[in-house]
Amino acid sequence: MSDPVGHAAGPTRPGTPEVRRPDRAGVAQVRRPGRAGTPQVRRPDRAELAAAADRTIPDVIGPGLTVLFVGINPGLWSAATGWHFARPGNRFWPALHRGGFTPRRLHPSEQDTLPGYGLGITNMVARASARADELTPAELVAGARTLTDKVARYRPTWVAVVGVTAYRIGFARPKAGFGPQPHPLAGARLWVLPNPSGLNAHFTPQTLGAAFGELRAVIAGHPPADRSA
């Protein structure tokens, strides 16, 4: 496995891996390599997006990851394609690169290369919806229990929940903020990151990347300076 912090070597397999096509009759299939090796995909239409509601998609996960990123739940674009954080305008993949976790910006279709960097993705709630605020508190609480069991099984070093409101509700910690959390999760250290959705106007691409970079710095053993000093 490549070092997720000093990752110049890239994924464990040489070259750019083949893109995994969705298990279902996926709608966003790769046509041909785009510029700089970025896949070009067909956008799902409205009917395909509507049909994707309540679907689930597989986790990108394995034992002993350095960081398991936890989204709130899949959006319709993700459910239609099988790729996490797939909607155009979602800033997860740029923030992952800006934060120093990957040597270049990955396309969502390249998600299966993440374990080669010691990274993985799951969700608090498995079912897809158009917006995260369509989820009920009961779903988030149940999702927190499922996540705890998953972390106990796969034993990542860090769990990074991407969305503070979902974390507060799911784990009954209404005063939780961004950054490191005092309570571990099934033996993993816990960090809360901002929601990378394009609807989150409180964070720019730059500040979102900086938030991801703070986590990476701590993992690398170089925590940021105390801002209160």
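These remarks concern the structure in this document. (Residues numbered from 1 in each chain as written. Predicted model: local features only at pLDDT ≥ 70, side-chain atom pairs only at ≥ 80, totals over all residues. Heavy atoms only, no water.)

A short note on the environment of N123
In this structure, N123 sits in strand 4 (residues 119–123). With relative accessibility at 12%, the residue N123 sits in the buried group. Separated by 64 residues in sequence, N123 and D59 have C-alpha atoms that sit 7.8 Å apart. In this view, N123 contacts D59, V70, G71, I72, N73, P74 and H84; residues no more than four positions away in its chain are not counted. Side chain to side chain, N123 and H84 meet in a polar contact 3.5 Å long. (Helix = DSSP H or I, 4+ residues; strand = E, 2+ residues; numbered from the N terminus. Buried < 20%, exposed > 50% of the residue type's maximum accessible area, 1.4 Å probe, protein only. Contact = heavy atoms within 4.5 Å. Polar contact = N/O pair within 3.5 Å; in protein donor to acceptor, adjacent residues only side chain to side chain.)

A short note on the packing of aromatic side chains
Throughout the structure, instances matching the rule amount to nine aromatic pairs. Ring centres of F69 and F92 lie 5.5 Å apart, and the angle between their planes is 80°; this geometry places the pair in the edge-to-face category. Separated by 23 residues along the polypeptide, F69 in strand 3 (residues 67–71) and F92 in helix 3 (residues 92–98) bring together distant segments of the chain. When sorted by exposure, F69 lands in the same class as F92, which is buried. Taking the centre distance of 5.1 Å and the plane angle of 35° together, the rings of Y167 and F171 count as tilted. Overall, F171 belongs to the buried group, its relative accessible area being 15%. By way of ring pairs, the aromatic residues F69, F85, F92, W93, F101 and F212 are connected into one cluster. (Phe/Tyr/Trp six-rings, centres within 6.5 Å; stacked < 30°, edge-to-face > 60°.)

In short, shape yes, function no, at least from these values alone.
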